[in-house]
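Chain residues, written in single-letter form:
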Amino acid sequence: MMRPVLVRRDRVLPAVQGFGFLVGIFVALVLGAILLLVSDSNPVEVYERMFDSAFRGTDSLSRTLERATPLALTGLAVAVAGSMGLWNIGAEGQMMAGATLATGVAMMTDGLSGPLLIAVMLSCGVVGGMVLMLGPALARSHLGVNEIITTLMLVYVSIRIVEWLEVGRWKDPDSLGFPRIEEVPGQASLPQLFGRANVGVLVALGLLIVFSLAVSRTAWGYELRLAGSSPNTARYAGVSLRRKVLTALLLSGGIAGLAGAVQLTGTEVRLTPGLSNGFGFSGIIVAALALMRPSGVAVVAFVFGAVQVGGQSIQTLGVSAAISTILQAMILFGALTAVVFFNYRIRWAGSGDGSDV
Amino acid sequence: MAVAQSDHAVWLRGIEKHFPGVIACDGAELKVRAGTIHALLGENGAGKTTMVNVLAGVYRPDGGDVWVHGQRQVFRSPADAIAAGVGMVHQEFRLVPSLTVAENIVLGAAPAFLRSGEIEQKVAELSNTYGLAADPTRPVWQLSMGERQRVEILKALWRDASVLVMDEPTAVLTPAEAAELGLTLRAMAEEGRSVIYISHKLDQVVAFCDEATVLRRGKTTATFSDLMDVDLAELAEKMVGTATAGNIERPEPLEPGPAVLSLENISACNDRGLAAVHDICMQVCANEIVGIVGVSGNGQKELAEVITGLRQPTGGKVSLSGEDITAASPSARYARGLAYVPEDRLGVGLAPKMSVVDNAVVRSYRSQRRGLFLAASKCVAFCRGLVERFGVRVGRLNDPIAGLSGGNLQRLLLGRELAEEPKILVAAQPSRGLDVQGVAAIQGHLVEQRRSGVGVLLISEDLDELLALADRLLVMFEGRIMGEYGPDVTPRTILGAAMAGMPPQ
């Protein structure tokens, strides 16, 4: 009897990774086609529409980029923590914290010029995310408290705080009684690049490049990788694990907070409890698919954005929102499954061990 | 042809098992009669744990075969081994803390319809039969280590194990609990079950066990069919090697220089917070190799970590060339000339997932910077220098080091530590698990360092190596130095006695 055995690969080649993803996505599309046939849709038509609405023409492309921007930032946030073996599950909450602090500072500072206001708001976004992360980071570095739980719990805290601001302190007096926060001033909108894509794309791209270089080329990044892959070896090399954990988590929180501020100034007009819109959680998938590498985050975020834009567009073909969501999920499953084959290859082994009596 | 071997409960025949860079078992043999308690002895890395993991279905051997009660077995998983009657109590217990004792015991082997009252009653009966007191209704997290171990044994008995493997069972027990365990194991043996007992505590081995097998470097080197008339010193000697030391050339005598490392009244605790090193005073001078010999687990690891700064001592002072470095960090100590080849190469010395270059610069990356960046060209040049000077055989410098053989890993590690001309080298088990050329290369470097004026502290369980290389030997037992011996003049039996805790009369 032959049975498959997973054998760990010595080395993961980028070509294997790219090919693996494509195969994974292809398998998912085939399975999705069955699903679409069952629900009386034409898979070819649906897939064509998905592709067109995500890639064909500058308008489509700009929508994909608009979606990809927060995904890239939250994906980077998760990846920075992940390169040290830490899991920031709460990027969703840090986005809200960043957007909240950015809104607050916009309310307090009257009449700042556009570029200055934007700079201040984005900086506040970073600070907001870091502030929310401070508790989990200190708890992790000094007491060993699991950051997965603490960061996740704070997601709900920060969303509730926004809900409270919405009906309380920050309620818009001109909202005719609706619980709503005032729009951010017009000059605080991020400049548009083309279509729906704004300068946030460049911010995300810039940060991805900076972190990609920082992690792979600097002494700081070397210590980070060493501490992440072999903590005892890092201690032996004289790296303070405590400080590394703290900086990795705070940076992670700060980047997620920036994602919130970018979303606020780029796409949304006001702070709402729905501003983070699942981008923080999707960032975890983005980072995992990118194998925690900043350079990979850029590619994965772009593809992920396209899948989301495409998935929404097919609803105009009569495909239900539920099917569209399942389809998106299947594509991600396909890609995630492929990750297994980056690290392992299958060997078929016989029942005996070759030395049968 | 399958030949029934019904007189043995377990027969592991010619077991071979290789791991990347390490030969764990190299044709080792183990025969255990039914109804006996069988000690499996050997230094760390001798292959004991690998052997029992083969028996328990955790590893598939690369060669050799497994016989249980006269049946040849090919275990695909631990479940197969359990079905064949092999139960294992691992060093780290595998219990679910939030479940009760009874739930843990039946987990995975519960009847289809769980009636908790009934199961608890059956578990209680089982624990009464063997004198393994354990309240079946209590959650496991409330239990002491000794109680948890009883639950593990009950788990094996619930599955009707006819062979029970215990890996270092008394390491977590108080002396009273250990004595109790001895009685339980005896009761099981009297029923016809067999126990395989792995331990470093030779006095307990002699007290509890009927037979013994000694492994060394993955091979079976000695068997004792009756431990009644075997003394501790003989066992200790067998574990650390009995071959004549002819194959290693003794380095020429040198006049020792000034003291480079001195320890004053050093005491330290182990990871469980128990005292592991007691009040040690010693010196290592330039131009000499000082050997520390002892059965593993007698405080050698903790002592090395205190010297190199990975563990804070609970008392005492460490000085390097007269300068107090007790509070200095590991990297500060390295910068002052203290190099360290740790026992756990891949867990402490090297980062297995990182590249050859990244591993080469673990000690020196701070000086390979150009602005904020690590200068890749400097790092590669540094790495290439090490590779050439120390004869490391590598593929591509940017591949993870996990693919290197054990000997090449150790050459890289030793080379990195020696790169900046240290004053003292602390080397823990530097040649363990290496092939012949690897051992020769590493030992050659130690001798070379001694000649060039470095003080070497060589911690080893390999008596042959120590007798050949060391200028002075210190025997360590239960965290204390039992005495200092000249390697040329001391008979092995005396060293064996000291290692077993008996100072010479």
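Keep in mind the model is a prediction, meaning the values are calculated, not measured.

(A) How the structure looks around the overall build of chain A. The number of helices and strands found in chain A is 13 helices and 4 strands. For 357 residues, the compact-globule estimate of 2.2 N^0.38 gives 21 Å, and chain A sits close to it at 22 Å. Once the C-alpha set of chain A is aligned to its principal axes, its extents read approximately 85 × 60 × 30 Å. For chain A, the residues scored as buried account for 49% of the 357 residues in total. At a minimum sequence separation of 6, the contacts of chain A that also span at least 24 residues come to 78%. Within the structure as shown, chain A displays about 16200 Å² of accessible surface, and the carbon and sulfur contribution to it stands at 66%. In chain A, which carries 24 positive and 20 negative side-chain charges, the distance between the mean positions of the two groups comes to 12 Å.

(B) Main features of the sheet that holds strand E21 (residues 472-477) of chain B. Residue and element names in this part refer to chain B. Ordered in space as E16-E19-E20-E13-E21-E22, the 6 strands form an open sheet in which the pairing is mixed. Edge strands, defined here as strands with exactly one partner in the open sheet, are strand E16 (338-341) and strand E22 (480-485). Taking the axes of each pair of neighbouring strands and ignoring which way they run, one obtains an average angle of 20° across the sheet. This element, helix H9 (residues 300-308), spans strand E13 (289-293), E16, strand E19 (424-428), strand E20 (455-460) and E21 of the sheet and lies at about 150° to E16. Of the strands in this sheet, E16 and E19 are in contact with helix H14 (residues 406-418), which crosses E16 at around 170°.

(C) Representation of helix H10 (residues 241-266) of chain A in the model. Taking 1.5 Å as the rise per residue, H10 of chain A with 26 residues should run 38 Å; its terminal C-alpha atoms sit 37 Å apart, in good agreement. Burial analysis of H10 of chain A places 20 of its 26 residues in the buried class, the great majority of the element.

(D) Local environment of unusual backbone geometry. Even without being a glycine, Glu 168 of chain B presents a positive backbone phi close to 45°. The topology assignment puts Glu 168 of chain B in the loop between strand E7 (163-167) and helix H6 (175-190).

(E) Quick look at the packing of aromatic side chains. Applying the stated criterion across every chain, the model contains 6 aromatic pairs over all chains. Relative to Phe 208 of chain B, the ring of Tyr 197 of chain B lies with its centre 5.7 Å away and its plane at 85°, an arrangement referred to as edge-to-face. Remark: Phe 208 of chain B occurs in helix H7 (residues 202-208) and Tyr 197 of chain B occurs in strand E8 (residues 194-198); sequence separation between them is 11 residues. Residues Tyr 197 of chain B and Phe 208 of chain B agree in their burial class; the two are buried. Three or more aromatic residues link up through ring pairs in this structure, and these residues are Phe 51, Phe 55 and Phe 302 of chain A.

(F) Structural detail: the sheet that holds strand E15 (residues 323-324) of chain B. Residue and element names in this part refer to chain B. Read from one edge to the other, the open sheet built from 4 strands follows the order E12-E11-E14-E15, with strand pairing classed as antiparallel. Edge positions in the sheet fall to strand E12 (275-285) and E15, since each has one partner strand and no second. In the packing of H9 onto the sheet, the strands contacted are strand E11 (259-269), E12 and strand E14 (315-320), and the crossing angle to E11 comes to about 120°.

(G) Highlighting a negative patch on the surface. Taken together, Asp 226, Asp 229, Asp 231 and Glu 234 of chain B make up a surface patch of like negative charges. Its place among the elements puts Glu 234 of chain B in helix H8 (residues 232-240).

(H) Representation of the interface of chain A and chain B. Across the contact, 26 residues belong to chain A and 36 residues belong to chain B. Both sides together, the interface formed by chain A and chain B hides about 2700 Å², and carbon and sulfur atoms give 53% of it. Inspection of the chain A/chain B interface yields 16 residue pairs in polar contact (both at pLDDT 80 or more). When contributions to the side of chain A that touches chain B are tallied by element, the ones reaching two or more residues are helix H7 (200-217), helix H8 (219-229) and helix H9 (231-236) of chain A.

(I) Layout of the domain arrangement of chain B. All names here are of chain B. With domains assigned, chain B is organised as domain 1 (8-240) and domain 2 (248-348 + 421-499). A C-alpha centroid distance of 33 Å is found between domain 1 and domain 2. With 16 residues of domain 1 in contact, the opposing surface of domain 2 contributes 15 residues. Together, the buried faces of domain 1 and domain 2 total about 1300 Å²; carbon and sulfur atoms form 52% of this surface. Remark: the boundary between domain 1 and domain 2 carries 0 residue pairs in polar contact (both at pLDDT 80 or more). Those elements that place two or more of their residues in the side of domain 1 that touches domain 2 are strand E2 (22-33) and H8. In terms of residue count, H8 provides more of the side of domain 1 that touches domain 2 than any other element does, 5 residues in total. Classifying every residue of the side of domain 1 that touches domain 2 by side-chain character gives 8 nonpolar, 4 polar and 4 charged.

(J) Spatial organisation of the pattern of salt bridges. All names here are of chain A. Within this structure, the stated rule accounts for 33 salt bridges over all chains. The closest approach of N and O atoms between Glu 66 and Arg 196, which form a salt bridge, is 3.0 Å. In this pair, Glu 66 sits in helix H3 (residues 57-82) while Arg 196 sits in the loop between strand E2 (192-194) and strand E3 (197-198), placing the two residues 130 residues apart along the sequence. According to the relative accessible area criterion, Glu 66 is buried, its value standing at 17%. Glu 147 serves as the salt-bridge partner of Arg 140, at 2.8 Å between the closest nitrogen and oxygen.

Cut-offs applied
- Residues numbered from 1 in each chain as written.
- Chains lettered and ligands numbered in written order.
- Predicted model: local features only at pLDDT ≥ 70, side-chain atom pairs only at ≥ 80, totals over all residues.
- Heavy atoms only, no water.
- Helix = DSSP H or I, 4+ residues; strand = E, 2+ residues; numbered from the N terminus.
- Rg over C-alpha atoms; globule rule 2.2 N^0.38 Å.
- Buried < 20%, exposed > 50% of the residue type's maximum accessible area, 1.4 Å probe, protein only.
- Contact = heavy atoms within 4.5 Å.
- Areas by Shrake-Rupley, 256 points an atom, 1.4 Å probe, with all protein chains shown as cover.
- Lys, Arg positive; Asp, Glu negative; His and termini not counted.
- Charge placed at Lys NZ, Arg CZ, Asp CG, Glu CD.
- Pairing = 2+ DSSP bridges.
- Axes fitted to C-alpha atoms, helices over the stretch in contact; angles between N-to-C directions.
- Expected span 1.5 Å × (residues − 1).
- Phe/Tyr/Trp six-rings, centres within 6.5 Å; stacked < 30°, edge-to-face > 60°.
- Patch = residues over 30% accessible without salt bridge, like charges linked within 9 Å, V, L, I, M, F, W, Y side chains within 5 Å.
- Salt bridge = Lys/Arg side-chain N within 4 Å of Asp/Glu carboxyl O.
- Buried area = accessible area lost by both parts, 1.4 Å probe.
- Polar contact = N/O pair within 3.5 Å; in protein donor to acceptor, adjacent residues only side chain to side chain.
- Domains from an automatic or database assignment.
- Nonpolar A, V, L, I, M, F, W, Y, C, P; charged D, E, K, R; others polar.

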